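Observations on the model geometry
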Amino acid sequence: MGLTNQSTGSSLLGNNIVIDRTSCHGSIIALSGNPNVGKSTVFNSLTGLNQHTGNWPGKTVTACCGKYRYKNNNFILVDIPGTYSLMANSAEEEIARDFVCFENPDATVVVTDATCLERNLNLVLQTIEITKKVVVCVNLIDEAERKKIRIDCKKLFDRLGVPVVATNARSRRGLDELTDAVYNIALGLVRTNPLEIRYDETIEQAIELVRPIIWEITGGKINDRWVSLKLLDEDASMLESLNKFLGFNIMDYPMLRQNLNKARQHLEQNGIHPDQLRDRIVSRIINISEEICRDAVSFGNKQYDLTDRKIDSILTSKIFGIPVMLALLAVIFWLTIAGANYPSELLANLLFGFEDLLTDIFVALNVPGWIHGVLITGTYRTLAWVVSVMLPPMAIFFPLFTLLEDLGYLPRVAFNLDNFFKKACAHGKQALTMCMGFGCNAAGVIGCRIIDSPRERLIAAITNTFVPCNGRFPTLIALSAIFIGGGIAKGAFRSLVSTFSLTVIVLLGIIITLVVSKILSKTILKGLPSAFTLELPPYRKPQVVRIIVRSILDRTIFVLGRAIAVAAPAGLIIWVMANVHVGGSSILTHTAGFLDPFGKLLGMDGYIILAFVLGLPANEIVLPIIIMSYMASGSLIEFSEIEHLRQLLVSNGWTWLTGICVMLFSLLHFPCATTLWTIRKETQSMKWTLVSFAVPTIVGIIVCFIIANTARLFGLV
Ligand SMILES: Nc1nc2c(ncn2[C@@H]2O[C@H](COP(=O)(O)OP(=O)(O)OP(=O)(O)O)[C@@H](O)[C@H]2O)c(=O)[nH]1
Ligand SMILES: [Mg+2]
């Protein structure tokens, strides 16, 4: 699939999932379901891949493909973004409907949440209206059991007429049975007899007027009953997809037009106006779901979600919601900063000890001095700094943050901030895309797809960079811990001062997001905020071990690898710039000197500005480039412990103001190249990509200018 790295011979064209069957050898299995029911967890368990999961609706926004084998057969599993219905009320629903309907998967697994089966059955019923090849997976069965909710799968099977399997995807319980059921359906070894949803007599008569013609035109390639119903309902997006699928305009058939008119007249004459048909269809489906659940689900404790509601009354309360949120953020930062101290020292000692050994080896081998300069004093030393300064905080922060995500806390953040976003004329779900930005701004921008309104989606994408990503976060932590905390406080207060400065920076990012969103929605992106419903998922016990392993492998090592990969060539560029002399000074000194007046205006210097410019490919390398430039420009300092980094910065003229301004500019400047490229792809517009580049940069320049010059004016530095 185009957007994933699993090469299964499929591609994501525009927003639609298209599978190239000629290059796919195996049965195609669609994995659909409501948001946050465990589709990606089922996907991961079956394919062995590591699609991201999280306890909130809308985690997966791009479809993902993966393979598994069962009884010597290949299966290609497609994890579709979650949808509540197939009525195509939103882009995701359209994608899911088109895939299930027109891509003709060999089986569709509808994953449902055992703790709220009734609502989930709506999607099951809509799916069995389209295709017979359905397997229902009643997931989260462990949670249902804990809440004393009993599901009778046999009864469900009797009523629905398709296989029903109870699973706990996290612990793989029931997954063998699920694979077996999928195998039987996909290979046609078992025929299903799905429940046929019957509507009012009038609607049935109208369907019968159209259905035979559809059958004749499509040659039975598609479910004629379902298509008839959709055409009667004047579902324009379905008609468009259908025509694309057929390769001709079905409405070109006069007979079909005639009978559709007749059928519509019949509905009108019997009191069903066009705008009422959909309501009738929906209420019929809801009624059947209710009826089936009354039969197959029993509640041992009607108050099963009382604890969740009690916790929510505090975490989402008007008085405590925001303070608790800030306190939680601060605790995470404090744990990160305080916890990273010791391992950072340890790593620094280890890696710098190794540097001495490397130098000895170079001397013994008679390696020329300049090679030693480039490889050891330039590149290795900087990389040693990157690893010892960035690794420990990342290894602590990301698991803690993912823990909150898995618990189900993030939608509560969105709930608490909803009012602020409404006031900023932006979308409440922007809080969720911001949270995704904490991992990676490019992912945050793709995550903006959960926002339906194009205007609000753009606002969310443009402002996403105000959340520090993986690449900038360690820089912020390092500067707050080593420079701010280490510079102005002693002992236990160091961590507290650092935590405070970091929390203020992140809070500032949120405030600036709101202010810029408001400005954008009053100027170039005018409009009113749209209404939406955000579901608060139940609190779930996080999978601690998986979280630690995944956040270390997916985030920490990935970011570190990227930093190392980009820092090494950057080290080379800096070394060349520092060693090629023009007119008595190095190119590095010339360039930094040229940028210096601008840097000074913003409370920084030319080297720092150069580092931000060279850091465009990846934000991770800004701090390493600053270190490299200072070292290359001659401020030689004996490095053996973290404290020496502070000394290096101080000896290059840094004050607390420089530290603050670098932190601010790190938060408020152009997004990295990957994010810009993603914005270009998502918006399909160069104009909005340029706006996304310019807005944060201008904000950063203004903020740093004001802070630096105010501090100077009042003689604070
Ligand atoms: N207890 C329990 N938790 C589960 C189970 N399956 C999934 N989860 C958890 O439920 C949360 C949601 O899982 P995902 O796999 O991300 O759900 P999804 O359906 O892909 O969600 P979207 O992509 O947002 O539509 C995660 O925190 C999972 O760890 C299960 O069977 N039991
Ligand atoms: Mg998912």
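These numbers come from a predicted model, not from an experiment.

1. Re the overall build of the protein chain
Within the protein chain, the regular secondary structure consists of 28 helices and 12 strands. For the protein chain, the C-alpha radius of gyration of 29 Å lies close to 27 Å, the compact-globule estimate for 717 residues. Within the span of the protein chain, comprising 717 residues, buried residues form 48% of the whole. Sequence separation of 24 or more characterises 72% of the internal contacts of the protein chain that already satisfy a separation of 6 or more.

2. Let's talk about helix α23 (residues 606-614)
Most of α23 is tucked away, with 8 of its 9 residues classed as buried. Among all positions of α23, only G606, Y607, I608, I609, L610, A611, F612 and L614 are buried.

3. A word on the site of ligand 1
Around ligand 1, the structure places 26 residues, and the nearest of them are G38, S40, T53, T60 and G82. Of all the secondary-structure elements, those providing two or more residues to the shell around ligand 1 are α1 (39-47) and α4 (141-146). Considering each element in turn, the shell around ligand 1 owes the most residues, 3 residues, to α1. Here the shell around ligand 1 is built from residues that sort into 5 nonpolar, 14 polar and 7 charged.

4. Considerations on the environment of L277
In this structure, L277 sits in helix α11 (residues 274-296). Using a count of 20 C-beta atoms within 10 Å as the deciding quantity, one classes L277 as buried. Remark: the alpha-carbon pair of L277 and A492, spanning 215 residues in sequence, is separated by 67 Å. With sequence-adjacent residues up to four places away left out, L277 is seen in contact with L232, D233, L267 and I272.

5. Focus: the domain arrangement of the protein chain
Each assigned domain of the protein chain is listed with its residue range as follows: domain 1 (10-186), domain 2 (202-271) and domain 3 (321-529 + 541-713). Centre-to-centre, using C-alpha coordinates, domain 2 lies 56 Å away from domain 3.

6. Quick word on the pairing of strand β7 (residues 134-139)
Counted residue by residue, β7 has 6 buried out of 6 residues, so it is predominantly covered. Burial of β7 is two-sided: the residues V134, V136 and V138 facing one way and the residues V135, C137 and N139 facing the other way are all buried. Here 6 bridges tie strand β6 (residues 107-113) to β7, and the two strands are oriented parallel to one another. Considered in β7, the bridge of T108 is made with V134. A crossover connection joins β6 to the parallel β7 through helix α3 (residues 117-130); in handedness this β-α-β unit is right-handed. Sheet analysis places β7 next to strand β9 (residues 164-166), joined by 3 bridges and oriented parallel. Along β9, the bridge assignment pairs C137 with V165.

7. Notes on unusual backbone geometry
In this structure, L140 takes a positive phi of about 60 degrees despite not being glycine. For L140, a count of 29 C-beta atoms within 10 Å puts it in the buried group. Even without being a glycine, K148 presents a positive backbone phi close to 60 degrees. Along the chain, the position of K148 falls in the loop between α4 and β8 (149-151). Judged by the 13 C-beta atoms lying within 10 Å of it, K148 is partly exposed.

8. Observations regarding the pairing of strand β4 (residues 64-70)
Examined bridge by bridge, β4 and strand β5 (residues 73-79) share 7 bridges and lie antiparallel to one another. Bridged to Y70 within β5 is N73. Here β4 folds back onto β5, and the loop between the two strands holds 2 residues, one of which, K71, carries a positive phi near 45 degrees.

9. Concerning the confidence of the model for the protein chain
Residues at a pLDDT of 70 or more form 95% of the protein chain, whose mean pLDDT is 88. Under a pLDDT of 50 for its full length, residues 1-14 has, in the predicted model, 36 contacts with residues more than four places off or in other chains.

10. What about the environment of L229?
Here L229 is to be found in helix α8 (residues 224-232). Given 24 C-beta atoms within 10 Å, L229 falls into the buried group. In this structure the C-alpha to C-alpha distance between L229 and I203, which are 26 residues apart in sequence, comes to 8.5 Å. If near-sequence neighbours (up to four positions away) are discounted, L229 is found in contact with I207 and I281.

About the criteria used
- Residues numbered from 1 in each chain as written.
- Chains lettered and ligands numbered in written order.
- Predicted model: local features only at pLDDT ≥ 70, side-chain atom pairs only at ≥ 80, totals over all residues.
- Helix = DSSP H or I, 4+ residues; strand = E, 2+ residues; numbered from the N terminus.
- Rg over C-alpha atoms; globule rule 2.2 N^0.38 Å.
- Buried ≥ 20, exposed ≤ 12 C-beta atoms within 10 Å, placed from the backbone.
- Contact = placed C-beta atoms within 7 Å.
- Near = placed C-beta within 6 Å.
- Nonpolar A, V, L, I, M, F, W, Y, C, P; charged D, E, K, R; others polar.
- Domains from an automatic or database assignment.
- Pairing = 2+ DSSP bridges.
- Right-handed = clockwise from strand over helix to strand, strands pointing away.
- pLDDT = per-residue confidence, 0-100.

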